Amino acid sequence: MPDTSPEPLMDQERLTGLLVRAMNYHDDYVCRIRYTDQYGKTTIRVVSPYRFLGPFVLALCLGREECRSFHMHRISECEVVSAHDVLMPENITQWGKLT
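This one's a predicted model, so the numbers in the text were calculated from it and none came from an experiment. (Residues numbered from 1 in each chain as written. Predicted model: local features only at pLDDT ≥ 70, side-chain atom pairs only at ≥ 80, totals over all residues. Heavy atoms only, no water.)

I would appreciate a short explanation of the side chain of Ser-48 in the present structure.
Its location among the elements puts Ser-48 in strand β2 (residues 42-53). Once you skip the residues sitting within four places of it in the chain, Ser-48 turns out to touch Val-30, Ala-59 and Leu-60. (Helix = DSSP H or I, 4+ residues; strand = E, 2+ residues; numbered from the N terminus. Contact = heavy atoms within 4.5 Å.)

Structure below.
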């Protein structure tokens, strides 16, 4: 069966390192990601990652207030931010509509 996963949008080694940092220090850090879903909709989300599962990262989405799975190849930007500056629910912003 051919691999149908999308081409990575961000260097996967760097992305993994940022996610691991937030996982290891989950009381102090969360990640702000730019994520494109399977339909091509791109959003900015704040997530608290907790586990890798194959090509996915499992994380608490602070906007949805639910655990979600994110295909790592669909994350095009990731930054580690202070968890102390974030409150749930955190807005989910559609890419291109930042104000």
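Which parts of the structure should I look at to understand the nonpolar core?
Nonpolar side chains tend to gather and get buried jointly when the protein is soluble and globular. By size, the foremost hydrophobic cluster in this structure holds 18 residues, and its most contacted members are Leu-19, Cys-31, Ile-33, Phe-70, Ile-75 and Cys-78. At the level of elements, α1 (12-24), β1 (29-36), β3 (56-61) and β5 (75-82) are the ones that each hand at least two residues to this core. What Ile-75 contacts, discounting residues up to four positions off in sequence, is Leu-9, Met-10, Leu-15, Ile-33, Arg-34, Tyr-35, Val-57 and Phe-70. Val-30, Leu-62, Val-81 and Ala-83 belong to the second-largest nonpolar core, a separate cluster that totals six residues. (Core = buried A, V, L, I, M, F, W, Y, C linked by side-chain atoms within 4.5 Å. Buried < 20%, exposed > 50% of the residue type's maximum accessible area, 1.4 Å probe, protein only.)

Help me out: how do you make sense of the environment of His-71 in this one?
Within the secondary structure, His-71 sits in strand β4 (residues 66-71). Residue classification places His-71 among the buried positions, given a relative accessible area of 8%. Sequence spacing of His-71 and Gln-38 is 33 residues, and the spatial spacing of their C-alpha atoms is 9.4 Å.

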